Every structure is written in C-alpha cells, then in structure tokens.
Amino acid sequence: MDEMFDRLQAVVDRYDELNELISDPEVIADTRRFMELSKEEADLRDTVEAYRQYQNVVSQINDDNEMLREKLDDEMTEVVKEELKELEPQKTALEDKIRLLLLPKDPNDDKNIVMEIHGAAGGDEASLFAADLFDMYSRYAEKQGWSVEVVDRNETEVGGFKEIVMLISGNKVYSKLKYESGAHRVQRVPVTESAGRLHTSTATVGVMPEAEDVDIDIDPKDIRTDVYRSSGAGGQHINKTSSAVRMTHLPTGIVVAMQDERSQQQNRAKAMQILRSRVYNYYREQEESAYDEQRKSAVGTGDRSERIRTYNYPQNRVTDHRIGLTLNKLDKIMNGDLDDVIDALILYDQTQKMEQLNNG
C-alpha cells in the first residue's frame, strides 16, 4: 500500500505542475506543447480526483474513530457508527478504483484504428458474414460518435466482402475495439442454402492502431511502389490511366494494394496510411511475442486464426469463448449494441492485470 501511495503522490505532484504549465502564456503560445500537456493533464485527472476523494473519506473515518474514543451519549455514538458503516465500503471501493487507474496504460488506447475484415472459411456465406460484421462495427461506431471511412473493399457477386478495410476515428477507439481481432464464427442457414441446413462459416477481423509518422519511421528506400490500371466498377474512365497503386515494404514483405480512389495521388496516400499501420503493427506484435512466455494477454493474442466468438442465429445467441460470456441478444449486438461484450472484455482484462500486479 505504501508503494501505491508514493506513486499517487507523484501523480498529484505532476498534475499540479501540469496545471501551472498550461496556464503559462509561453506554453499557451506553443500550440503543440500546450496540446501535449493538456492531454497529459486530462489523463491524470481521474486518478487525482479519486485520490482526493479517498483522502477525504479517510479523514472522515479518522475523525469518527476519534469521536468514538471520547465520551458520547448513546444517540450520538449510534450516529457516528452508522456513518462509519457507510464510509468503510466507500474507502474500499475507492482503493479498488485507484488501483485500476494506476494499471499500466496501453500507449495505443487513444489511437484511431485500421480495421480489416475478411471473409474466410465458407465461400459466399463467409463474405456475407464479413459484410454483416462491417455493418455491426459501423453501427457501433455511430453510437459512439466515431467516424468510419472505407479505404478499400473487394466485393463479391452475392453482395458480401472478400475483404473490407476501414479507418475508424474518434475518442479512444483502439481501447474499445482492440479485443476484436481474431476469427468470428457464424452459425445460420445461409440465404444461398435451399435445403434449410445450418452452416458454419468464419470471417476474420484485424484491428491495428493507426500509426503516425512519430510512431514509425519508414525509409522510402524500403518501399517498392508499382502503379497499374484499376479494375472493376467505376465508369469508363477507370482503365484509361494507371491510378491503382501497390506498395511493398521490402523488409517485412507487407503488401498494400489500393484502387478505391480516382487518382493515383489519392491511392498513394491511402496505401501509405494502411502500410504504415500494418508495418507498425507487425513490429509491435513481434515485440509483444517476445514477452508472451511471461505474460499471456488475458483475452487472447489478437491472432486472426484464434476463434474468439460465435454468432448463433437460430438461438439468437453470441458467445465470446475467451471469457465464457454468452448473451441471448444476437439481434441487438448485430445492430451495433456491443457495449455488454466490450465492457466485459475490458473488465476481464483489467482484473487479470490486477492479479498479475498483485502476484508479481
């Protein structure tokens, strides 16, 4: 506990220092520095407020115990004891909240994400399920006040997606969607099935924090860029110019092809955006796998081959296999009501990290 309070005092000291700094005219004049310090101040605010509440409750408990040591009449003694009964659980709850707030934060939690959804096993039905997942995440993003921009898509004849790539931007997107990477399994009677038999198909989801220039520095010499003519729908102009772009990151072999935009320049910019995030994610996963023997992530490795969730349509049921969560409200979840699933995953992950910290 002493170590925790030492850390808390350091947080409070830094918070007070930040408040002074962001009031300094020199800092205010430097927009970039002001933004950085304001963000740091906002990140510490919840911890400082919880600690001040905690100090207040502890002070009240000490005062009440002091009063009980004095000669009080029966009625006053009863009042003080009742107050203590209320304050003790508050103290415990605030201690738990503070421990949670002091857990090491994922540096990517505040980032936007690049999400890739692929139809996997199951042919046309897998591609249709990939489109359903795209709709589900788009609706969830809308409920969160986030924006969704499709940067690449590969549609199938039945109206599904072999692959769709989107950029989701907003407040703390990665912190909520980072647990979605993996294989999603669907059990239902496909619209393409005439005999009414139940099929099992899968689609894979990949979630990567959007990488900025400050996150990863890619040497232009490490990128091979090929341009070619776009194919597919888009009007008569589409094959007249070489507007499609394929970028290959030579050290990792990661390839991004982009033909969604009308100009080569736009496709280059989009391809670079996706390539940067994929390369950043590649190196980040390599670093994490080096530690995996010591600490397995509580809710899976994010490996796309890992089956994380089953969507059973006949029983209106969704099961997250990593935490043993089953909810009989598939219809609501597919409509973007993902909070119950995501909140449970966050809570489970935090609980596991807390245990690791306490045992550690």
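Residues numbered from 1 in each chain as written. Predicted model: local features only at pLDDT ≥ 70, side-chain atom pairs only at ≥ 80, totals over all residues. Heavy atoms only, no water.

### Brief notes about a negative patch on the surface
Then comes step 1: Together, Asp73, Asp74, Glu75 and Glu78 make up a negatively charged patch on the protein surface.
Then comes step 2: Relative to the assigned elements, Asp73 resides in the loop between α3 (31-69) and α4 (74-101). (Patch = residues over 30% accessible without salt bridge, like charges linked within 9 Å, V, L, I, M, F, W, Y side chains within 5 Å. Areas by Shrake-Rupley, 256 points an atom, 1.4 Å probe, with all protein chains shown as cover. Salt bridge = Lys/Arg side-chain N within 4 Å of Asp/Glu carboxyl O. Lys, Arg positive; Asp, Glu negative; His and termini not counted. Charge placed at Lys NZ, Arg CZ, Asp CG, Glu CD. Helix = DSSP H or I, 4+ residues; strand = E, 2+ residues; numbered from the N terminus.)

### A word on the environment of Val318
Then comes step 1: With respect to the helices and strands, Val318 occurs in strand β10 (residues 317-320).
Then comes step 2: Residue Val318 is classed as buried on the basis of its relative accessible area, which comes to 3%.
Then comes step 3: It is 8.2 Å that separates the C-alpha atoms of Val318 and Ile333, two residues lying 15 residues apart in sequence.
Then comes step 4: In contact with Val318, not counting residues within four places along its chain, are Arg309, Thr310, Tyr311, Leu325, Thr326, Leu327, Leu330 and Ile333. (Buried < 20%, exposed > 50% of the residue type's maximum accessible area, 1.4 Å probe, protein only. Contact = heavy atoms within 4.5 Å.)

### A word on the packing of aromatic side chains
Then comes step 1: Enumeration according to the criterion identifies three aromatic pairs in this entry.
Then comes step 2: Seen from their ring centres, Phe129 and Tyr311 are 5.3 Å apart, and the 65 degrees between their planes marks the pair as edge-to-face. Of this pair, Phe129 sits in helix α5 (residues 123-144) while Tyr311 is found in strand β9 (residues 307-312), placing the two residues 182 residues apart along the sequence. Side by side, Phe129 and Tyr311 carry an identical accessibility label, which is buried.
Then comes step 3: For the pair Phe134 and Phe161, a centre-to-centre distance of 5.8 Å together with 80 degrees between the ring planes defines the contact as edge-to-face. Here Phe134 is found in helix α5, whereas its partner Phe161 is found in strand β3 (residues 161-169), with 27 residues between them in sequence. (Phe/Tyr/Trp six-rings, centres within 6.5 Å; stacked < 30°, edge-to-face > 60°.)

### Focus: the UniProt feature "coiled-coil region" (unreviewed entry) in the protein chain
Then comes step 1: With numbering matched to this structure, UniProt assigns "coiled-coil region" (unreviewed entry) to residues 51-85.
Then comes step 2: Annotated as residues 51-85, this span is 89% helix and 0% strand, and its ends, taken at the C-alpha atoms, are 20 Å apart. (UniProt positions renumbered as here; feature names shortened; annotations may be inferred.)

### Quick look at the confidence of the model for the protein chain
Then comes step 1: This prediction gives the protein chain a mean pLDDT of 82; 86% of its residues lie at or above 70.
Then comes step 2: Mean pLDDT across the elements of the protein chain bottoms out in helix α7 (residues 264-291) (75) and peaks in helix α8 (residues 330-334) (94).
Then comes step 3: Within the model, the stretch residues 233-239 combines pLDDT values under 50 with eight contacts to residues more than four positions away or in other chains.
Then comes step 4: Note on residues 293-298: pLDDT under 50 across the span, and seven contacts to partners over four residues away in sequence or across chains. (pLDDT = per-residue confidence, 0-100.)

### Points about the sheet that holds strand β8 (residues 254-258)
Then comes step 1: Taken in spatial order, the three strands of this open sheet run β6-β7-β8, and their pairing is antiparallel. Two strands bound the open sheet, and with one partner strand each, they are β6 (223-228) and β8. Strand-to-strand twist across the sheet, computed as the mean angle between neighbouring axes with direction ignored, equals 15 degrees.
Then comes step 2: Across five bridges, the pairing between strand β7 (residues 244-249) and β8 is antiparallel. (Pairing = 2+ DSSP bridges. Axes fitted to C-alpha atoms, helices over the stretch in contact; angles between N-to-C directions.)

### Some words on the packing of α3 against α4
Then comes step 1: Orientation of α3 relative to α4, taken along the N-to-C sense of each, is 155 degrees, at an axis distance of 9 Å. In terms of axis orientation, α3 runs roughly antiparallel to α4. Handedness of the α3/α4 crossing: left-handed.
Then comes step 2: Residue composition of the contact of α3 with α4, grouped by class: 15 nonpolar, six polar and eight charged. (Parallel < 35°, antiparallel > 145°, perpendicular 65-115°, else oblique. Left-handed = near helix turned anticlockwise from the far one by under 90°. Nonpolar A, V, L, I, M, F, W, Y, C, P; charged D, E, K, R; others polar.)

### Here's the deal with the pairing of β3
Then comes step 1: With eight of its nine residues buried, β3 lies for the most part within the structure.
Then comes step 2: Judged from the six bridges that link them, strand β1 (residues 113-119) and β3 form a sheet pairing that is antiparallel. Across the sheet, the residue bridging to Val114 is Leu167, located in β3.
Then comes step 3: When strand β2 (residues 147-155) meets β3, the two strands line up antiparallel, connected through eight bridges. Paired with Arg153 across the two strands is Ile164, which belongs to β3.
Then comes step 4: What sits between β2 and β3 in their antiparallel hairpin is a turn of five residues, with Gly159 showing a positive phi close to 100 degrees.

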